[in-house]
Amino acid sequence: MYYQFHSVLSPAKLNLGLKVIGKRPDGYHLLKSVFCLIDLYDKIDIQITLNGKVSLIEHQQAWFYQKDLAYKAAILLQEYSGCTKGANIKIKKVIPSGAGMGGGSSNAATVLIILNHLWETGLTTDELLGLGAQLGADVPFFIRGRNALVEGIGEIITPIELPELYFVIIKPDFHAPTKDVFAALELDFEQCNTKNILTTQLISQKENDLEAAVRKIYPQINDIFSELNQYGKAVMTGSGSSIYLSFADKNSAKNVANILSPRYNTFLAASLAVSPVACD
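J.: I'm lost on the overall build of the chain in this one. Help?
T.: Helix and strand counts for the chain come out as nine helices and ten strands. Relative to the compact-globule value of 19 Å for 280 residues, the chain shows a C-alpha radius of gyration of 19 Å, a close match. In terms of overall dimensions, the chain has C-alpha extents of about 60 × 45 × 35 Å along its principal axes. For the chain, with 280 residues in total, the buried portion stands at 52%. Here the contacts in the chain between residues at least 6 apart in sequence split such that 77% fall between residues at least 24 apart. If you sum the accessible surface of the chain, you get close to 13200 Å²; carbon and sulfur atoms cover 50% of it. Charge separation in the chain, taken as the distance between the mean sites of 25 positive and 27 negative side-chain charges, equals 3 Å.

J.: I keep staring at the side chain of Lys13 and nothing clicks. Help me out?
T.: Among the secondary structure elements, Lys13 is positioned in strand β1 (residues 5–23). Although Lys13 is buried, it forms no salt bridge, and the closest oppositely charged side chain is Asp138 at an N-O distance of 4.1 Å. Among the polar contacts listed, one links the side chain of Lys13 to the side chain of Asn15, at a separation of 2.5 Å. When sequence neighbours within four positions are dropped, the list of residues in contact with Lys13 reads Phe35, Cys36, Leu37, Ile38, Gly100, Met101, Gly102, Asp138, Phe141, Phe142, Thr237 and Gly238.

J.: Any chance you could explain the sheet that holds strand β8 (residues 235–236) here in plain terms?
T.: Think of a sheet as strands paired side by side through backbone hydrogen bonds, with each pair either parallel or antiparallel. One open sheet accounts for four strands, arranged β8-β9-β7-β10; its pairing is antiparallel. Unpaired on one side and paired on the other, β8 and β10 (265–270) mark the two borders of the sheet. Note that strand β7 (residues 166–171) and strand β9 (residues 243–247) share five bridges and pair antiparallel. Bridging from a neighbouring strand, Val168 pairs with Leu245 of β9. Sheet strands in contact with helix α9 (residues 250–260) are β7, β9 and β10, and its direction is about 20° off that of β7.

J.: When you look at the pairing of β9 in this model, what are you seeing that I'm missing?
T.: Of all five residues that make up β9, four are buried, and the element is covered over most of its length. By the bridge criterion, two bridges tie β8 to β9 in an arrangement that is antiparallel. If you follow Met236 over to β9, its bridge partner there is Ile243. Between the antiparallel neighbours β8 and β9 lie six residues, among them Gly238 with a positive phi of about 55°.

Calculation criteria
Residues numbered from 1 in each chain as written. Predicted model: local features only at pLDDT ≥ 70, side-chain atom pairs only at ≥ 80, totals over all residues. Heavy atoms only, no water. Helix = DSSP H or I, 4+ residues; strand = E, 2+ residues; numbered from the N terminus. Rg over C-alpha atoms; globule rule 2.2 N^0.38 Å. Buried < 20%, exposed > 50% of the residue type's maximum accessible area, 1.4 Å probe, protein only. Contact = heavy atoms within 4.5 Å. Areas by Shrake-Rupley, 256 points an atom, 1.4 Å probe, with all protein chains shown as cover. Lys, Arg positive; Asp, Glu negative; His and termini not counted. Charge placed at Lys NZ, Arg CZ, Asp CG, Glu CD. Salt bridge = Lys/Arg side-chain N within 4 Å of Asp/Glu carboxyl O. Polar contact = N/O pair within 3.5 Å; in protein donor to acceptor, adjacent residues only side chain to side chain. Pairing = 2+ DSSP bridges. Axes fitted to C-alpha atoms, helices over the stretch in contact; angles between N-to-C directions.

It is worth stressing that arrangement in space is one thing and function is another; only the former is reported here.
Below, the structure is given as C-alpha cells:
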C-alpha cells in the first residue's frame, strides 16, 4: 500500500551578527547570534510506507544518503518512538550546501516535525527539540521555527521580532567546512567583552566573529567582500561561505541583485516571521 506524497517547504536562515563568547572544556564554542528565517526554501516530499524502511529517493548530493541529516532525523525518530512505519523522502535542494544558511539542519527539523505528524508518533515539542539537538546545533532553532536570539551551543533559543528585511545573498564557488573554520579561529576570550552584548547591537553591527577565519583560509573571498561593500555592509552568515547584504526596501535589493547576478551565484530573499513548519 502506498500513500500520497506530502509536500512541505524547508526554509534557510541568515545570521544577523554572530559573536563567539567562549569555549567549553569539551571543545564546543559558545555563541551568541540572531537567527533570521528567510523565504529561500528546499522542497521536501514525504511518502509514508508500511515496510519500515526509510529512503532518500532521487538523492543528488555528493554524499551517500545515509549521511544526510534528513535521513538521520527520520531514523532517530523511528528508533526513539518505536514506529514501525517507513518513509520515502525526496528533497529538491535550492538552499546551497556549505553556505552557512542551515539547509541541512532545516531539512532535518522539517523531517522530524512532519514525520511526527504523519507517523502519529505523538512526540511533544520538547522531545523533538531533544532529538534535534542530537543531530546538530542549528536543528532546534528550525524546530521552533521563529526568528530568535540563539545562545550557548544552539540550545538557548529566545524568540524575537525582527523588522521586514530583504537580502541579496552571494554563494562563492567553494564550501567552508565548519570544523575547519572553528579550528582556524583566533580569539582571546579573556579580552573579549561580548557576553553582555545586546540583541540590538548584534542586529545593527552585523559582525561575524567567524569571518576572519574564513578570510584566512579562503583569501579569494576578500575580493567579494570588497565588491559587495560598495552597496552596503557585506556580512558572512554562519561559518560561511555565503555573504549577504540587507535592505529595508525590496526594490533596492532587486537592483543590487541584478547587478551582481551575472558574475555570482546570487539569491534574493526576504525575512520570514514564522517557518511554514513551525512547532510553536
